[in-house]
Amino acid sequence: MKKKKILFITGEFIPYTRSVGGAIRVISFLKTLKNYNLSLISVKKNFYGYFGFKSYLRDVNKIYLNSEKFEKSKWYAYLLSFIKLFFGNFLYIVGIDNNYLNLAKYKIKLDYLLKYEKPEYIIISAPPFSLLKLVTKIRKADKNAKIILDYRDGWTFRVKSIYLKIFTFFSNKYEKYILNHCDYILCATVEIYNDISKIVDKKKTILLKNGFFKQNKKKIIKKQNKKINIGYFGLISDSPFGYRDINVLYDAVSSLNKLNFTFYGNSSIKKNYILNFKSFNFLNNISYFKTLEKMKKFDYLLILHTEKSTAKEVITGKFYEYLNSNTPMIMISNGETEAGKLIKKHNLGYVLDYSKHNLKDFFEKINIKKFKHKKIKALKNFSRVEQNKKLLNIIK
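Residues numbered from 1 in each chain as written. Predicted model: local features only at pLDDT ≥ 70, side-chain atom pairs only at ≥ 80, totals over all residues. Heavy atoms only, no water.

Points about the packing of aromatic side chains
Thought 1: For the structure shown, the criterion picks out 39 aromatic pairs.
Thought 2: Ring geometry for Y16 against F47: centres 6.1 Å apart, planes inclined by 80 degrees, an arrangement best described as edge-to-face. With a gap of 31 residues between them, Y16 in the loop between strand 1 (5-12) and helix 1 (24-32) and F47 in the loop between strand 2 (37-44) and strand 3 (61-66) connect regions that are remote in the sequence.
Thought 3: Residue classification places Y16 among the buried positions, given a relative accessible area of 13%.
Thought 4: Using a relative accessible area of 54% as the deciding quantity, one classes F47 as exposed.
Thought 5: Taken together, a centroid distance of 5.2 Å and an interplanar angle of 85 degrees make the contact between Y288 and F289 edge-to-face.
Thought 6: Given the relative accessible area of 30%, F289 is considered partly exposed.
Thought 7: Three or more aromatic residues link up through ring pairs in this structure, and these residues are Y232, Y250, F261, F263, Y273, F277, F280, F282, Y300, Y350, F362 and F363.
Thought 8: Directly above the aromatic system of Y243 lies the positively charged group of R158, at a separation of 5.2 Å from the ring centroid. (Phe/Tyr/Trp six-rings, centres within 6.5 Å; stacked < 30°, edge-to-face > 60°. Helix = DSSP H or I, 4+ residues; strand = E, 2+ residues; numbered from the N terminus. Buried < 20%, exposed > 50% of the residue type's maximum accessible area, 1.4 Å probe, protein only. Lys NZ or Arg CZ within 6 Å of the ring centre and 35° of its normal.)

Here's the deal with the packing of helix 9 (residues 288-295) against helix 10 (residues 317-325)
Two measures define how a pair of helices packs: the angle their axes make with one another and the distance between the axes.
Thought 1: The N-to-C vectors of helix 9 and helix 10 enclose an angle of 50 degrees; their axes lie 9 Å apart at closest approach. When the interaxial angle is binned, helix 9 and helix 10 end up oblique. Note that helix 9 runs across helix 10; the crossing there is right-handed. The segment helix 9 lies against helix 10, with Y288, L292 and M295 engaging E321, Y322, N324 and S325.
Thought 2: Here the residues of the contact of helix 9 with helix 10 are counted per class, giving 4 nonpolar, 2 polar and 1 charged. (Axes fitted to C-alpha atoms, helices over the stretch in contact; angles between N-to-C directions. Parallel < 35°, antiparallel > 145°, perpendicular 65-115°, else oblique. Left-handed = near helix turned anticlockwise from the far one by under 90°. Contact = heavy atoms within 4.5 Å. Nonpolar A, V, L, I, M, F, W, Y, C, P; charged D, E, K, R; others polar.)

A few points about the sheet that holds strand 9 (residues 259-264)
Thought 1: Across the sheet, 6 strands lie side by side as 10-9-8-11-12-13; this open sheet has parallel pairing. Taken across any chain shown, the strands that pair with only one partner, and hence form the sheet edges, are strand 10 (280-283) and strand 13 (349-353). The mean angle between the axes of side-by-side strands here comes to 20 degrees, regardless of whether they run parallel or antiparallel.
Thought 2: When strand 8 (residues 228-233) meets strand 9, the two strands line up parallel, connected through 6 bridges. Within strand 9, the position partnered with F233 by the bridge is Y264. (Pairing = 2+ DSSP bridges.)

Some thoughts on the environment of L40
Thought 1: Within the fold, L40 resides in strand 2.
Thought 2: Overall, L40 belongs to the buried group, its relative accessible area being 0%.
Thought 3: Distance in space between the C-alpha atoms of L40 and K297 is 36 Å, their sequence separation being 257 residues.
Thought 4: Apart from residues lying up to four places away in sequence, L40 is in contact with L7, F8, T10, F13, V26, L30, V60, N61, K62 and I63.

Description of the nonpolar core
Thought 1: V253, F280, F319, I330 and F363 are the most contacted members of the largest nonpolar core, which has 49 residues in total.
Thought 2: Only strand 8, helix 7 (247-253), strand 9, strand 11 (300-305), helix 10, strand 12 (329-333), helix 11 (338-346) and helix 12 (359-365) provide two or more residues apiece to this core.
Thought 3: Filtering out sequence-adjacent residues up to four positions away, I330 remains in contact with I230, Y300, L301, L302, I303, Y350, L352, F362, F363 and I366.
Thought 4: Core analysis: the next-biggest nonpolar cluster, separate from the first, contains 39 residues, V43, I124, L132 and A145 among them. (Core = buried A, V, L, I, M, F, W, Y, C linked by side-chain atoms within 4.5 Å.)

Looking at helix 10
For an α-helix, the turn length of 3.6 residues means that residues three or four places apart are oriented alike.
Thought 1: For helix 10, the buried fraction is high: 9 of the 9 residues fall into the buried class.
Thought 2: Positive phi appears at N326, one or two residues downstream of helix 10, with a value of about 65 degrees.

Some points on the pairing of strand 1
Thought 1: Where burial is concerned, most of strand 1 is hidden: 7 out of the 8 residues are buried.
Thought 2: Taken together, the 6 bridges between strand 1 and strand 2 define a ladder with parallel strand orientation. Considered in strand 2, the bridge of F8 is made with L40.
Thought 3: Regarding the hand of the β-α-β motif, the stretch spanning strand 1, helix 1 and strand 2 is right-handed.
Thought 4: Looking at chain direction, strand 1 and strand 4 (residues 121-126) are connected through 4 bridges and run parallel. Paired with I9 across the strands is I124, a residue of strand 4. (Right-handed = clockwise from strand over helix to strand, strands pointing away.)

What follows is the structure, encoded as C-alpha cells:
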C-alpha cells in the first residue's frame with residue numbers, strides 16, 4: 001500500500017536551533033507519523049546539534065533553506081533591540097518576524113513540492129507566524145491537499161495590549177481569513193483553543209496539548225545539601241526585551257546565600273555580574289534523554305516568563321517534563337498563566353506573579369517541601385504519545 005505523503009513546514013528546527021523546546025512538538029509529530037512518507041522544510045542557521053533526536057529524523061526528507069545571516073552583524077543586533085523595544089508586539093501580530101525575509105525561499109521550494117511531490121497533508125507549525133502567509137498560496141496551487149495549522153503559541157489574540165487594539169482588530173480578521181482556507185487547527189493550550197474557536201468552526205479546531213516525551217519510571221534519591229538546588233532547562237537571557245529575563249530573578253536572590261541555581265541550555269547572558277554570580281551555574285545543552293534524570297535531582301524546577309502581554313497562555317512543554325519528573329515547580333511570571341493555574345490546581349509547587357508578590361521575600365523564606373499532587377488522572381494523559389493520537393485521527 002502506498003504511503004501517504006505529509007509535508008511539515010516550520011521555522012527553526014534541529015540541528016539549527018538553539019533550543020529543542022521550539023522543535024520538540026514537531027519531532028513528536030514525526031515520531032507519531034513515522035509510518036508515512038514524511039518531508040520537512042525549515043531554515044538553516046547556526047549548527048547547535050540534535051539534542052539526542054538524530055535517529056528520529058533518519059527517514060524524514062529534510063529540506064533546509066539557507067537563511068539570511070543578519071544575526072552576526074553588530075548593527076543588526078542594535079537594530080533588533082530597538083525594534084523589539086518599540087514595535088515588537090506590533091510586528092508579532094502582523095506576522096513580520098525573523099523568518100519573514102525567508103518567505104520567498106519557502107515559496108520557491110513549495111512550488112516544486114506541490115507540483116512534483118503532491119503531498120496529501122501539509123502541516124505548518126508556528127511560530128513563526130509569517131509561515132501562515134503560505135496558506136493561501138498552497139490552497140490556490142492544490143485544492144485537495146489537507147492543510148493543518150499547528151499553533152504552538154497564539155498569534156493575533158496572544159498580545160493583550162490596549163495600545164494595539166485597532167491593529168489587533170484587523171489582524172484578527174486577517175487570521176480568520178487564513179484559517180478559513182485550512183482544514184484543521186491544532187492548539188497547544190486551552191487559551192489558544194478558546195481564542196481560535198471564537199473565529200472559526202469548532203469542528204476543525206483541536207486542543208492537542210504538549211506533554212512529556214518519555215515517562216518517568218526510575219526513582220532517584222536526592223542528596224541532602226545545605227543549600228536549596230533549583231534547576232532550569234531551556235533558553236534564558238538578560239535582555240529586558242525577552243520573554244525570560246533573568247534580571248528579575250537576579251534582583252530577588254543576589255543578596256541570598258542559601259540557593260543554588262543551575263541553568264541548562266544555550267543561554268544568552270552578556271552581563272558579567274550575572275555570569276559571575278556565585279549562585280548561578282550556566283551549563284550547555286545536554287541530550288534531551290538525559291534531562292529527566294537531571295531534573296529529578298533538584299529540589300525545585302523553575303519556569304520563568306517575564307513578558308506581561310503574552311503571559312496568559314503560557315504553558316510550555318517544559319511544564320509537562322517537570323511534571324513527569326515529580327519535582328516541585330516554581331512558576332515566576334508577570335501576570336497569570338495557564339501553567340500557574342495547573343500548578344495551583346494540582347498542588348505541584350509555588351506560583352508567583354511578581355507584579356503582586358515580592359520575590360525576595362519568597363526566596364528568603366523558601367525551604368525544601370514535599371508536595372502531594374491533587375486530582376491528577378493517569379499520568380499518561382499528559383504524554384505526547386497520548387495527545388498525538390488526536391493528530392492520527394485526522395490523518396486518514
